[in-house]
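# Report on the structure
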Amino acid sequence: MRRIRAARIAAGAVVPGELLLVLVLAAGVRPPGWVTGTAEALFAAVLLFEAWVLRSLYAAERARGARPGAAARAAVRAAVPAAVRRLLLHELRAMASLARWALRRPPHGVAAGDLAARYTGPQTAMMYGFLFVSVVETVALALVIPWPAVHRAVLVLDVYGVLLLLALHAACVTRPHVVRGDGTLRIRYGALFDLVVPPDAVAAVRVDRRYPEGRLVTLSEDGVLDLIVGSQTTVTLELTRPLAFTRPLGARAHARTVRFHADDPAAVVAAVRAGREPATAG
């Protein structure tokens, strides 16, 4: 059907821009306010169109006798590309992380005896600076725009942009790297990236401060994966075998070496080594 095709094209067109905006903010670059506002306006328009298409598809599935849950899943699969579903899931997880952070809940995925390794040090001041500028812009636009309808629309988009930025940082705070007692290492960046490295896949780990260039998740041709925070990495992890990982939009790739940032890299290296010692001795 034409509306389904249009919905998939619209969602597929807006996703690269939305993801680029998130990754640019994570990389420490703040685009002009009108760029952020335009991107969020387009995203909101696509969401409204998607909601209309999903409602009609859901009604059609229900008319065929499908149960509510099955009808909803079928409608989403038909109208929303997989990349869009992943992006929406990222944002929902980020918003949930914001609630967890505000309620002072324990970090996500950290059990008793695990080492929770923060990695937000290089980006904290930058994120709060972005938030301050965003709030100032929101207040300034509220005073300048004279048309009530435009004023309300811009206010909603600006508030959503501020919440998204705050949620991105909250996701990083509440989803730290984790080193379990057996040496298993979970490398994360908020809700955008998650890689579990079993202890038998670790060939060597060391403190190694680097300042690579590139996006948040960068993979070289020789299989070196850089997970960059604040333009730096502090831990290098050499693997015994290539490990598969998932990019933010769902593409799969393999890494032979992983370089990532931790605020206390020595503690992470020591915990990974300590967890591997019994296996090595055996």
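See the structure above.
So, how was this worked out
Residues numbered from 1 in each chain as written. Predicted model: local features only at pLDDT ≥ 70, side-chain atom pairs only at ≥ 80, totals over all residues. Heavy atoms only, no water. 1 Å grid on protein atoms, 1.4 Å probe; cavity = no way out; pocket = protein on both sides within 12 Å on 5 of 7 lines; lining within 4 Å. Points joined across faces, edges and corners; volume = space filled by probe spheres on them. Helix = DSSP H or I, 4+ residues; strand = E, 2+ residues; numbered from the N terminus. Nonpolar A, V, L, I, M, F, W, Y, C, P; charged D, E, K, R; others polar. Polar contact = N/O pair within 3.5 Å; in protein donor to acceptor, adjacent residues only side chain to side chain. Contact = heavy atoms within 4.5 Å. Pairing = 2+ DSSP bridges. Axes fitted to C-alpha atoms, helices over the stretch in contact; angles between N-to-C directions. Phe/Tyr/Trp six-rings, centres within 6.5 Å; stacked < 30°, edge-to-face > 60°. Buried < 20%, exposed > 50% of the residue type's maximum accessible area, 1.4 Å probe, protein only. Salt bridge = Lys/Arg side-chain N within 4 Å of Asp/Glu carboxyl O.

Moving on, we come to the layout of surface pockets. Gaps left between atoms show up when a probe the size of a water molecule is rolled over them. Its volume calculated, the second largest pocket comes out at about 180 Å³. If you trace the second largest pocket, you find 14 residues lining it, with Arg86, His90, Arg93, Ala191 and Asp194 closest to the centre. When contributions to the lining of the second largest pocket are tallied by element, the ones reaching two or more residues are α4 (82-102), β3 (185-189) and β4 (193-197). The dominant element in the lining of the second largest pocket, judged by the number of residues it contributes, is α4, at 4 residues. Along the lines of polarity and charge, the residues of the lining of the second largest pocket split into 4 nonpolar, 3 polar and 7 charged.

Our focus in this paragraph is the side chain of Thr246. Along the chain, Thr246 falls in strand β8 (residues 233-246). A polar atom in the side chain of Thr246 sits 2.7 Å from the side chain of Arg252. In this view, Thr246 contacts Arg86, Phe193, Ala251 and Arg252; residues no more than four positions away in its chain are not counted.

In most cases, non-glycine residues show a negative phi, while peptide bonds are predominantly trans. If you check the backbone angles, Arg104 has positive phi at about 60 degrees while not being a glycine. Tracing the backbone through its elements, the reader meets Arg104 in the loop between α4 and β1 (115-117).

The next thing to look at is the sheet that holds β4. The 4 strands lie next to each other as β1-β2-β3-β4, forming an open sheet whose pairing is antiparallel. The open sheet is flanked by β1 and β4, the only strands paired with a single partner. Between one strand axis and the next, the sheet turns through 15 degrees on average, direction left out of account. In this sheet, β4 lies alongside β3 in antiparallel orientation, the contact comprising 5 bridges. Bridge assignment links Tyr189 to a residue of β4, and that residue is Phe193.

We now examine the packing of aromatic side chains. Under the defined criterion, the tally for this structure stands at 2 aromatic pairs. Between the aromatic rings of Tyr119 and Tyr189, the centroid separation amounts to 5.9 Å while the plane-to-plane angle is 35 degrees, which identifies the pairing as tilted. Residue Tyr119 is found in the loop between β1 and α5 (121-144), and its partner Tyr189 is found in strand β3; the two are separated by 70 residues along the sequence. Tyr189 matches Tyr119 in its accessibility class, with the two residues each being buried. Between Phe193 and Phe245 the ring centres are 6.0 Å apart and the planes differ by 55 degrees, which places this aromatic pair in the tilted class. One end of the pair, Phe193, is in strand β4; the other, Phe245, is in strand β8, and 52 residues separate them in sequence. Exposure remark for Phe193: the relative accessible area of 2% places this residue in the buried category. Classification of Phe245 as buried rests on a relative accessible area of 1%.

All right, on to the environment of Leu57 then. Along the chain, Leu57 falls in helix α2 (residues 33-63). According to the relative accessible area criterion, Leu57 is buried, its value standing at 11%.

Using the criterion set out here, one finds 5 salt bridges in the structure. In this structure, the salt-bridge partner of Asp200 is Arg241, at a minimum N-O distance of 3.4 Å. With a gap of 41 residues between them, Asp200 in the loop between β4 and β5 (202-210) and Arg241 in strand β8 connect regions that are remote in the sequence. When the shortest N-O distance is used, the salt bridge between Arg259 and Asp226 registers 2.8 Å. Of this pair, Arg259 sits in strand β9 (residues 252-260) while Asp226 sits in strand β7 (residues 224-227), and the two are 33 residues apart along the sequence.

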